[in-house]
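One-letter residues, chain by chain:
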2 protein chains.
Amino acid sequence: MDSDSFKDFAKEMAEYITNYLENIRDRRVLPTVEPGYMKPLLPSQAPQSPENWKDIMTDIERVIMPGVTHWHSPKFHAYFPTAQSYPGIVADMLSGAIACIGFTWISSPACTELEVIMLDWLGKMLDLPKEFLASSGGKGGGVIQGTASEATLVALLGAKARKIRQVKEQHPDWTDNEIVGKLVAYSSCQAHSSVERAGLLGGVKFRLLEVDSKNKLRGETVAEAIRKDKEQGLIPFYVVGTLGTTNSCAFDRVDEIGVVANRENIWLHIDAAYAGSAFICPEFRYLMKGTELADSFNFNPHKWMLVTFDCSAMWLKDPTYVINAFNVDPLYLKHDMQGSAPDYRHWQIPLGRRFRSLKLWFVLRLYGVENLQRHIRKHVAQAHEFEALVLADPRFEIVAEVVLGLVCFRLKGSNDINENLLKKINGAGNIHLVPSKINDVYFLRFAVCSRFSESKDIQNSWKEIKLRADEVLEEQSVSK
Amino acid sequence: MDSDSFKDFAKEMAEYITNYLENIRDRRVLPTVEPGYMKPLLPSQAPQSPENWKDIMTDIERVIMPGVTHWHSPKFHAYFPTAQSYPGIVADMLSGAIACIGFTWISSPACTELEVIMLDWLGKMLDLPKEFLASSGGKGGGVIQGTASEATLVALLGAKARKIRQVKEQHPDWTDNEIVGKLVAYSSCQAHSSVERAGLLGGVKFRLLEVDSKNKLRGETVAEAIRKDKEQGLIPFYVVGTLGTTNSCAFDRVDEIGVVANRENIWLHIDAAYAGSAFICPEFRYLMKGTELADSFNFNPHKWMLVTFDCSAMWLKDPTYVINAFNVDPLYLKHDMQGSAPDYRHWQIPLGRRFRSLKLWFVLRLYGVENLQRHIRKHVAQAHEFEALVLADPRFEIVAEVVLGLVCFRLKGSNDINENLLKKINGAGNIHLVPSKINDVYFLRFAVCSRFSESKDIQNSWKEIKLRADEVLEEQSVSK
């Protein structure tokens, strides 16, 4: 493809993208296709000769769009938001053109340096304790991971390396394997599935601890679990505090957990994957109280801050343990400047890395902090608008405090009736929600997700839910 | 940013990108900046109010480009190639607009289904054994990982899960931790650093085995290591065969290793990160002999097949063990179609995943197999052209057989003189190479990397190397 064709192709794609996004409301949010739908639509092998880019443009509506779940539709209320913005797309064009692999400083100094600076900008926007910022001149600093799951795993592996070293100082005769067999990590039973998975991947025991009546993990619960495990000769080494759980957007008391973790010399990692973006608004920072006690902090600008996936921001007060845990240093990756700037390959699981900080740079500059704050506040207001609609209908109940952009609600009554309700909602496909369950109570999660979301969308989504509730309740009364 | 500004911005960026790439030869391939160069060029915090996108365009040359190592310059001969192409950039625009997170089939069926089909197209292009292909109707199939390092780790974790289960059948009283303490994995001492790192991450013993005079790992070496380890009560479970090592593009004898691995019930993973792309040309497929004996196979279209990073293709004959090793299945990720299509989140370390198969689709269709083959063959021919230049100069020697696009060479004489030569070459910054060392012999690696590379570039790079060699040899004779 020559440069002129590329320019035509990119122009047509930009046109397609704006048409798609500006009219996304008109599409059925959930596709109706069955598994295997695409196979008959495509040849069984790659073409020998080049095709025309116009054929691809045609095939987007024929092959791809019928199978797309439209995450950026204002009718999409599933999971949590994922980010999408025009500046993010253009930043990725530049990233794809420079296409450097930023594993070391020398492999593209701009890629490393912009990341250091953007993580400082971002850390300041959240008012993170300065020990986390590279600009503070200490050991601390930030890094872009692909996902929060990777951040949780990286922190766990750093914590594991730190604890093994500490234990060996006291027990030089113990093998690594003996020590690993005793290691135990903790999180709330409400933590994201990827937290438990990090334990599986890291090969250590992981305890999912009980929460209080507001679904928060408390310091004394952690302290008690540690006490019991130490009695049995085990070695507590890592605890994850979640700010904004996926189930119900609950906030662990990291201020309490942090005190325990610091006292017991246990690594505290904070997973604020979704909620972290809200901390750019001062009025929500009370939710991150205790962050100064943590060893690592992570949130996803690719969720709620309009930076296209993937861009998971992680800060470490002292990255030494993570760096040393992974450090394999062959000659072909060495360079003269080692030590004077981060070689980010030591901070992550993969070796290669894209120039992702460009997305942060473009989004932060082209929105400005004030518009990003506005985006957060608008979503939170819309969640409260939806909450009020639910509360005004006596058939429904709210099952968890609405703090940010998630509303957890259900029909009063059995789990079955709520499962039916969700099945009807997703079956109709006009809006999309996913469920969750806490203490065997099944409920529906309504997340405000789209950057196009307006009050009228909230009203329409509620109308759709009420309609499906009418149907479910009607059927129930008939079958009685 | 509204849709009209986006279209203007994207158009200007496409213009910038073509100017950058079509004239990339004119830029110094290695930047001259020092660590910390960027800090004074940028404000210390994000702007409160939005800026104009034109300011960003201006800042690309002021802030970013001075610190870019130009990986796509024909003067770049370091590491291995990384991919970059116009179709890849446009595909990422669409991916960034749809911006779905394809962790389950339902989260965007098109994202999963196009990936299944593209991995089949790609597998057929390489003539992979059909057990690896989803279209064969068996258990096998492909997945896009971020990097080869992740593929190596995923395979290791699958192998670990499989072996633990097998051992437990024989020794139900052994704990997981006891078994893990006995597990041992193998690769060539020439394997990529990420292979050894996978052992660190996976918490298992990893042996880097000796190679033959052509830097190939042989079957009997693996068999002997296994024999010794079993004598000591250890449990061999995983071996990585490398096709195209980073050090010297050597090819392990996976045909021999596979026989041993199959006999000993050990998982064989093939890492063909760089060389795999060459197998789309039938004349290079002799190098992958024995692939039918492997459990998993990986190569990086994002290296040498013009699919922009990240796109690392991995196939598994039986993904069950990998899926089960990682499986954590919360309600909010469940869906009705589970089991009838892959839920790729179980196949990888992170939870989230982008719509990366679009890049494959665009590149394969817009180049066609014949142009991708031409790209590979051109680079191999240019490597041989460079090899001939080296061989014609009696001061130099070739240190490893030139098979694909990498030439390993050195000045006859000490390591010191070669280190000086490389320092001079990279110091001048007209071309960029990195070194390696095998058996204490330091040498220079000349990789043909750029899709813009022409015969004249090879000739110019050689001229530059000869010039720096003249300087080094001159200085040496003066100092004597």
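Residues numbered from 1 in each chain as written. Chains lettered and ligands numbered in written order. Predicted model: local features only at pLDDT ≥ 70, side-chain atom pairs only at ≥ 80, totals over all residues. Heavy atoms only, no water.

Chain A is annotated in an unreviewed UniProt entry as Aromatic-L-amino-acid decarboxylase of Melipona quadrifasciata. Looking at chain A in UniProt, the text filed under Sequence similarities (unreviewed entry) is "Belongs to the group II decarboxylase family." (UniProt positions renumbered as here; feature names shortened; annotations may be inferred.)

Q: Before we move on, could you go through the overall build of chain A and cite the residues and values that matter?
A: Within chain A, the secondary structure is distributed over 14 helices and 11 strands. Here the C-alpha atoms of chain A give a radius of gyration of 24 Å, agreeing with the 23 Å that 2.2 N^0.38 yields for 480 residues. If you line up chain A on its principal axes, its C-alpha atoms span 70 × 65 × 45 Å. For chain A, the residues scored as buried account for 65% of the 480 residues in total. A fraction of 73% describes how many contacts in chain A between residues 6 or more apart in sequence connect residues 24 or more apart. For chain A, the exposed surface amounts to about 16,100 Å²; the carbon and sulfur share of it is 48%. One finds the centroid of the 56 positive side-chain charges in chain A at a distance of 2 Å from the centroid of its 59 negative side-chain charges. (Helix = DSSP H or I, 4+ residues; strand = E, 2+ residues; numbered from the N terminus. Rg over C-alpha atoms; globule rule 2.2 N^0.38 Å. Buried < 20%, exposed > 50% of the residue type's maximum accessible area, 1.4 Å probe, protein only. Contact = heavy atoms within 4.5 Å. Areas by Shrake-Rupley, 256 points an atom, 1.4 Å probe, with all protein chains shown as cover. Lys, Arg positive; Asp, Glu negative; His and termini not counted. Charge placed at Lys NZ, Arg CZ, Asp CG, Glu CD.)

Q: Now, about the interface of chain A and chain B: what can you tell me, with residues and values included?
A: Contact residues are listed per partner, giving 137 residues for chain A and 137 residues for chain B. Regarding the contact of chain A and chain B, the summed buried area is about 11,900 Å², with carbon and sulfur atoms giving 69% of it. When the buried surface of chain A facing chain B is broken down by residue, R197, Y332 and R365 of chain A rank first, second and third, together holding 7% of it. For the pair chain A and chain B, the interface holds eight salt bridges. Among the ionic pairs, R365 of chain A bridges to E51 of chain B, the shortest N-O distance being 2.7 Å. (Buried area = accessible area lost by both parts, 1.4 Å probe. Salt bridge = Lys/Arg side-chain N within 4 Å of Asp/Glu carboxyl O.)

Q: For the UniProt feature "modified residue: N6-(pyridoxal phosphate)lysine" (unreviewed entry) in chain A, give the residues involved together with the corresponding values.
A: Residue and element names in this part refer to chain A. UniProt's entry tags K303 with the feature "modified residue: N6-(pyridoxal phosphate)lysine" (unreviewed entry), counted in the numbering of this structure. Residue position: K303 is located in helix α10 (residues 301-304). With residues up to four places along the chain from it excluded, the contact list for K303 reads F80, P81, T82, A83, A273 and Y274.

Q: Outline the sheet that holds strand β6 (residues 296-299) of chain A, supporting the account with residue identities and numerical values.
A: All names here are of chain A. Read from one edge to the other, the open sheet built from seven strands follows the order β1-β7-β6-β5-β4-β2-β3, with strand pairing classed as mixed. Taken across any chain shown, the strands that pair with only one partner, and hence form the sheet edges, are β1 (141-145) and β3 (205-209). Neighbour-to-neighbour, the strand axes of this sheet turn through a mean angle of 20°, independent of strand direction. Where strand β2 (residues 183-188) and β3 come together, five bridges link them in parallel fashion. Residue pairing for β3: S188 is matched across the bridge by L209. The strands touched by helix α4 (residues 109-125) within the sheet are β1, β6 and β7 (312-316), with β7 carrying the most contacts at an inclination of about 85°. Strand contacts of helix α7 (residues 193-202): β2, β3, β4 (235-242) and β5 (267-271), with the helix running at about 160° to β3, the strand carrying the most contacts. (Pairing = 2+ DSSP bridges. Axes fitted to C-alpha atoms, helices over the stretch in contact; angles between N-to-C directions.)

Q: Describe the relation of the copies chain A and chain B, with residues and values.
A: Between the two copies of the chain lies a rotation about an axis combined with a shift along it. Placing chain A over chain B gives an RMSD of 0.0 Å and needs a rotation angle of 180°, together with 0.0 Å of translation along the axis. The transformation relating the two chain copies, once decomposed into turn and shift, fits a two-fold axis. Mapped onto chain B, 100% of the interface residues of chain A are again interface residues, and the two copies thus contact each other with one and the same surface. (Least-squares fit on C-alpha atoms with pLDDT ≥ 70 in both.)

Q: Can you explain the sheet that holds strand β1 (residues 141-145) of chain B? Please cite residues and give values.
A: Residues and elements named next belong to chain B. Judged by pairing direction, the sheet is mixed, and its seven strands sit side by side in the order β1-β7-β6-β5-β4-β2-β3 without closing on themselves. Whereas interior strands pair on both sides, the edge strands pair on one side only; in this sheet they are β1 and β3 (205-209). Adjacent strand axes in the sheet meet at a mean angle of 20°, parallel and antiparallel pairs treated alike. Strand direction decides the pairing type here: strand β6 (residues 296-299) and strand β7 (residues 312-316), joined by four bridges, are antiparallel. Residue F299 lies in a different strand from β7, and its bridge partner there is A313. Seen against the sheet, helix α5 (residues 148-170) touches β1, β2 (183-188), β3, β4 (235-242), β5 (267-271), β6 and β7 and runs at an angle of roughly 155° to β4.

Q: Tell me about the pairing of β5 of chain A, residues and numbers included.
A: All names here are of chain A. Along β5, five of the five residues are buried, which leaves the element largely enclosed by surrounding structure. Here β5 shows two buried faces, one formed by W267, H269 and D271 and the other by L268 and I270. Here five bridges tie β4 to β5, and the two strands are oriented parallel to one another. Residue pairing in the sheet places V239 in a bridge with L268 of β5. Pairing analysis gives three bridges linking β5 to β6, with the strands arranged parallel. From the neighbouring strand, H269 faces β6, where its bridge partner is S296.

Q: Can you break down the nonpolar core residue by residue, with the values?
A: A general feature of soluble globular proteins is that nonpolar side chains tend to end up buried together. Ranked by size, the top nonpolar core spans 250 residues in total, and within it I64, F297 and L404 of chain A together with I64, F297 and L404 of chain B carry the most contacts. Ignoring any residue separated from it by four or fewer positions in sequence, one finds L404 of chain A in contact with C249, F251, Y274, A275, A278, F284, L287, W304, V380 and A383 of chain A. (Core = buried A, V, L, I, M, F, W, Y, C linked by side-chain atoms within 4.5 Å.)

Q: Now, about the environment of C311 of chain A: what can you tell me, with residues and values included?
A: Residues and elements named next belong to chain A. Relative to the assigned elements, C311 resides in the loop between α10 and β7. C311 sits 86 residues away from A225 along the chain, and the two C-alpha atoms are 34 Å apart. Leaving out residues up to four positions away in the same chain, C311 has contacts with I144, Q145, G146, N300, P301, H302 and L360.

Q: Any chance you could break down the domain arrangement of chain A for me, citing the residues and the numbers?
A: Residue and element names in this part refer to chain A. Partitioning chain A into structural domains gives domain 1 (3-81), domain 2 (100-354) and domain 3 (371-479). In this structure, domain 1 and domain 3 have C-alpha centres spaced 29 Å apart. Taken together, the contact pairs 18 residues of domain 1 with 23 residues of domain 3. For the pair domain 1 and domain 3, the two sides together bury roughly 1,700 Å², of which 58% comes from carbon and sulfur. Together, R25, L30 and H77 form the three largest contributors to the area buried by domain 1 at its contact with domain 3, with a combined 35%. Linking domain 1 with domain 3 are one salt bridge. (Domains from an automatic or database assignment.)

Q: Report on a negative patch on the surface, specifying residues and quantitative values.
A: Taken together, the side chains of D2, D8 and E12 of chain A together with E22 of chain B define an acidic patch exposed on the protein surface. With respect to the secondary-structure elements, E12 of chain A resides in helix α1 (residues 3-22). (Patch = residues over 30% accessible without salt bridge, like charges linked within 9 Å, V, L, I, M, F, W, Y side chains within 5 Å.)

Q: I'd love a proper account of the pattern of salt bridges, names of residues and values included.
A: A complete count under the given rule lists 70 salt bridges over all chains for this structure. Residue R162 of chain A is joined to D295 of chain A by a salt bridge in which the shortest nitrogen-to-oxygen separation is 3.4 Å. With R162 of chain A in helix α5 (residues 148-170) and D295 of chain A in the loop between β5 and β6, the pair connects residues that are 133 residues apart, well separated along the chain. For R162 of chain A, a relative accessible area of 11% translates into the label buried. Note that K230 of chain A is salt-bridged to E264 of chain A, the shortest N-O span being 2.6 Å. With K230 of chain A in helix α8 (residues 219-231) and E264 of chain A in helix α9 (residues 254-264), the pair connects residues that are 34 residues apart, well separated along the chain. Salt bridges linked by common partners bring D310, R354, R356 and K359 of chain A together with D310, R354, R356 and K359 of chain B together as one network.

Q: I'd like a rundown of the packing of α1 of chain A against helix α3 (residues 86-98) of chain B, residues and numbers included.
A: Here α1 of chain A crosses α3 of chain B at 5°, and the two axes come no closer than 10 Å. Our classification of the angle between α1 of chain A and α3 of chain B gives roughly parallel. On α3 of chain B, the residues touching S3, F6, F9, A10, M13, A14, Y16, I17, Y20 and L21 of chain A of α1 of chain A are Y86, I89, V90, M93, L94, A97 and I98 of chain B. Grouping the amino acids of the contact of α1 of chain A with α3 of chain B by side-chain chemistry returns 16 nonpolar, one polar and no charged. (Parallel < 35°, antiparallel > 145°, perpendicular 65-115°, else oblique. Nonpolar A, V, L, I, M, F, W, Y, C, P; charged D, E, K, R; others polar.)

Q: Explain the packing of aromatic side chains to me, and be specific about the residues and the numbers.
A: Counted according to the given criterion, the structure contains 40 aromatic pairs over all chains. Ring centres of Y86 of chain A and F6 of chain B lie 4.4 Å apart, and the angle between their planes is 20°; on these two criteria the pair is classed as stacked. On the criterion of chain membership, the pair formed by Y86 of chain A in helix α3 (residues 86-98) and F6 of chain B in helix α1 (residues 3-22) is interchain, its members lying in two chains. Accessibility classification places Y86 of chain A together with F6 of chain B in one group, the buried group. Chaining the aromatic ring pairs together yields one cluster made of F386, F396, F409, F446 and W462 of chain A. Of note, K182 of chain B hangs over the ring of W174 of chain B, and the distance from its end group to the ring centre comes to 5.0 Å. (Phe/Tyr/Trp six-rings, centres within 6.5 Å; stacked < 30°, edge-to-face > 60°. Lys NZ or Arg CZ within 6 Å of the ring centre and 35° of its normal.)

Q: Residues and numbers for unusual backbone geometry, please.
A: Residue and element names in this part refer to chain A. Omega for the bond connecting F309 with D310 falls within 30 degrees of zero, at 5°, which places this linkage in the cis form. The topology assignment puts D310 in the loop between α10 and β7. Despite not being glycine, A99 has its phi angle at roughly 45°, a positive value. Among the secondary structure elements, A99 is positioned in the loop between α3 and α4.

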